[in-house]
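Take a look at the letters that make up each chain.
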There are 2 protein chains.
Amino acid sequence: MESGPPGGSGPAEPGPRLRGWRGADAAASASSLSRFGAEAGCRAPAVAAVLPAGGCGERMGVPTPKQFCPILERPLISYTLQALERVSWIKDIVVAVTRENMETMKGIIQRYQHKRISLVEAGVTRHRSIFNGLKVLAEDQPNCRLSKPEVVIIHDAVRPFVEEDVLLKVVTAAQEHGASGAIRPLVSTVISPSADSCLDHSLERARHRASEMPQAFLFDVIYEAYQQCSDYDLEFGTECLHLALKYSHIKAKLVEGSPDLWKVTYKRDLYAAESIIKERISQQVCIIMDTKEDEEHVGRCLEEMLKTELNVHFLDYESVPFGQKMEKVMQIREFAKEAKKRNILLSGLLIYFPQEEQKLRESLRQGATIIAALIKERNSGLIGQLLVA
Amino acid sequence: MESGPPGGSGPAEPGPRLRGWRGADAAASASSLSRFGAEAGCRAPAVAAVLPAGGCGERMGVPTPKQFCPILERPLISYTLQALERVSWIKDIVVAVTRENMETMKGIIQRYQHKRISLVEAGVTRHRSIFNGLKVLAEDQPNCRLSKPEVVIIHDAVRPFVEEDVLLKVVTAAQEHGASGAIRPLVSTVISPSADSCLDHSLERARHRASEMPQAFLFDVIYEAYQQCSDYDLEFGTECLHLALKYSHIKAKLVEGSPDLWKVTYKRDLYAAESIIKERISQQVCIIMDTKEDEEHVGRCLEEMLKTELNVHFLDYESVPFGQKMEKVMQIREFAKEAKKRNILLSGLLIYFPQEEQKLRESLRQGATIIAALIKERNSGLIGQLLVA
């Protein structure tokens, strides 16, 4: 990597991109069409996704709708779109956003270079937004590149950690059963209150599940259900599986999802999402040595100390060409500013380097603590500093 | 504050202690007995609390039981105990822990100087642990300072953010109704699966609630319920309100709780708890100036910039007696090590100080970013560093 500006085409990847996503790397995605055949005995269907993103986030206690809340400077919905885009067999992603947020959403799509996205206007409720999304997929409109899919995935904009694995499961189950949805065990007992806010009865936790997202449907099943459903359903309902049951008489197949499918609802969920994203971002350390003869020993010690604390991948520390740029603090800062454009957070670390083995190890232990802190927090406010161990 | 060691009595407050807890400060706690009279028309009852803490945390995906997982170097359960201890009218806190964790728990009580705690051995299930806790409160054992309370609170070790407010509500409701519990709206729709993992029916979300903790009971109501309940209840049940209904025929009063009552269940919940604790820890900035004449202007600029990002309380920056200790980097590091013992994270920040107003503001803006990063992350790995703005 050179320290020059990234060129006229603008920053290639502003904000963090997640790598090493379980089960969703490039190779898995490339082979996924064939996985339909292998895993489910089904041919690969045409699949689209609808993302209702019209919510106002009142439960979050912040003015920004939660799907637009920044996590490491990037809006939450962009992570969710990225998770869906990585799945090559999802042909179209329809996002329903309110008129007020339409320009914001267009800006996000442009900035993070999202592909295969179509925008529709959200309705005033979740069901109305989904229905709007389904309508544009149903209609073969002129000047519209969308065509009717066989299977449609419905997902939430505020569930950014969806994996290809569970998407594949709900889609294949929907092909077979007509409808499918991810479920999770209940964390709390569910109770039914009486009119005077007293306990009427409690539900047996083991016999019930939380209905989560993603869900998938044969397109005709869910579209017909929406066409039939009442205003009351559209205003007060929230559960698509219920509509498929009530109006299309389809009993959805339920698929066990991972804990990461949870919905970002409260402010604490934003904190959790930020920590998960930090943990998943590629963690690489590059060590540059001053004295050639010690680099092997010192580098290996540091690597070994860090590996007990962090899942860090070490770049080779033997020959790094940009060492001479690091001579002065101000140079580190300038260099860090450039690296930040490529989403690399760069800091300098000066390790005191005594000959005595025990003192050296103390010094390296301190260095490892500092490196671990920088990697864990991943705060861009600390780039370009020269830290001392 | 002096830089000397904190004396022979050991560190007074190792690990973070939370201040500014909503509705739970010293003043509120001192007046809380009288609040019983004012708010509920009841006399103050004798109150004890039982905390089942025998869980193994299998959902967390980490080997340490979740109640013992460290958050900012302090075990989760210690925060919960602290939250209960702050409430002066809770006379005894009985914690049920497994035999394997008994010594760990004793160590935590000693290290964080918890008061009013009694330990009992946990049972193999949650209900059995609670029952064990109730038994020691029921019996007037010789050599036991515990006596039977009028009202008993049951809370979870893994809900550290419980406020005095909700504790008062469930206790007064239990006095009146015999039983009471905190509830929250459901985040997901609850569904009932059929035997073949298909949707049987979904429950109307608005008609149901999640049963959370704390709960409170007239002691005799819940103790008699436990004495009557079946082995099946003790093995597979989880809901104390259900036992009170089934065996004591008491319909518990349900009390709306805050979102912060949620149960730390998954690893993401630990992340969320850590961020909440960081946010709540007293955030104070102390500014030490080099040139006397500029401190007013520069200090106010910095304060103003930081206040837009953080809820920071500024110490007076005009006369700070330990400025001369900061002359060299190594002195900051030694000083930071001492400050850390009192749970103060100390860093140096050198702000470039040009005469030109715009450049000064740029420099201060950079300084504010660094300060905000250090306060937000609160990572002790970064103490004692001299950062440059």
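See above for the structure.
Only a predicted model underlies this, so the values are computations on that prediction, with no experimental measurement involved.

Undergrad: Any chance you could explain the relation of the copies chain B and chain A here in plain terms?
TA: Put simply, the second copy of the chain is the first one after a rotation about an axis and a shift along it. For the pair chain B and chain A, the relating rotation is 180°, the translation along its axis is 0.1 Å, and the fit reaches an RMSD of 0.1 Å. In short, the pair behaves as if placed about a two-fold rotation axis. Minimal C-alpha separation from the rotation axis in chain B is found for Ala272(B), amounting to 2.3 Å. A high fraction, 100%, of the interface residues of chain B reappear at the interface in chain A, so the copies pair face to face through one surface.

Undergrad: I'm lost on unusual backbone geometry in this one. Help?
TA: A negative phi angle characterises most non-glycine residues, just as the trans form characterises most peptide bonds. With omega at 5°, the peptide bond leading from Met213(A) into Pro214(A) counts as cis. One can find Pro214(A) in strand β10 (residues 209-218). The backbone phi angle of Glu73(B) is positive, close to 70°, even though this residue is not glycine. By the element assignment, Glu73(B) lies in the loop between β2 (70-71) and β3 (74-75).

Undergrad: Teacher, can you tell me more about the interface of chain B and chain A here?
TA: Each partner contributes to the interface: chain B provides 67 residues, whereas chain A provides 67 residues. Counting the surface lost from both chain B and chain A, the interface buries some 5900 Å², and carbon and sulfur atoms represent 54% of this. Taken together, chain B and chain A are joined by eight salt bridges. Residue Lys267(B) pairs with Glu279(A) through a salt bridge whose shortest N-O separation is 3.4 Å. Joining chain B to chain A, the criterion identifies 32 residue pairs in polar contact (both at pLDDT 80 or more). With nine residues, the top contributor of residues to the side of chain B that touches chain A is helix α10 (residues 267-280) of chain B. Here the residues of the side of chain B that touches chain A are counted per class, giving 29 nonpolar, 17 polar and 21 charged. As paired elements, strand β8 (residues 189-193) of chain A and strand β10 (residues 209-218) of chain B share three bridges and run antiparallel to each other.

Undergrad: Help me understand the pattern of salt bridges in this model?
TA: Across all of its chains, the model carries 48 salt bridges over all chains by this definition. The partner of Glu103(B) in a salt bridge is Lys106(B), with the nearest N and O atoms 3.6 Å apart. Here the residue Glu103(B) and the residue Lys106(B) both occupy positions in helix α4 (residues 102-111), the gap between them amounting to three residues, near one helical turn. Taking relative accessible area as the criterion, Lys106(B) reaches 43% and is therefore assigned partly exposed. Residues participating in the shared-partner salt-bridge network are Arg126(A), Asp156(A), Arg159(A) and Glu212(A).

Undergrad: I'm lost on the pairing of strand β7 (residues 179-185) of chain B in this one. Help?
TA: Along any regular strand the residues' side chains alternate between the sheet's two faces. Residue and element names in this part refer to chain B. Most of β7 sits inside the fold, with six of its seven residues counted as buried. Two strands pair when backbone bridges link them, and β7 and β10 are joined in this way by six bridges, in the antiparallel orientation. Bridged to Gly-181 within β10 is Gln-215. Examined bridge by bridge, β7 and strand β11 (residues 253-256) share four bridges and lie parallel to one another. Residue pairing across strands places Ile-183 opposite Glu-256, the latter belonging to β11.

Reading the values: the criteria
- Residues numbered from 1 in each chain as written.
- Chains lettered and ligands numbered in written order.
- Predicted model: local features only at pLDDT ≥ 70, side-chain atom pairs only at ≥ 80, totals over all residues.
- Heavy atoms only, no water.
- Least-squares fit on C-alpha atoms with pLDDT ≥ 70 in both.
- Contact = heavy atoms within 4.5 Å.
- Helix = DSSP H or I, 4+ residues; strand = E, 2+ residues; numbered from the N terminus.
- Buried area = accessible area lost by both parts, 1.4 Å probe.
- Salt bridge = Lys/Arg side-chain N within 4 Å of Asp/Glu carboxyl O.
- Polar contact = N/O pair within 3.5 Å; in protein donor to acceptor, adjacent residues only side chain to side chain.
- Nonpolar A, V, L, I, M, F, W, Y, C, P; charged D, E, K, R; others polar.
- Pairing = 2+ DSSP bridges.
- Buried < 20%, exposed > 50% of the residue type's maximum accessible area, 1.4 Å probe, protein only.

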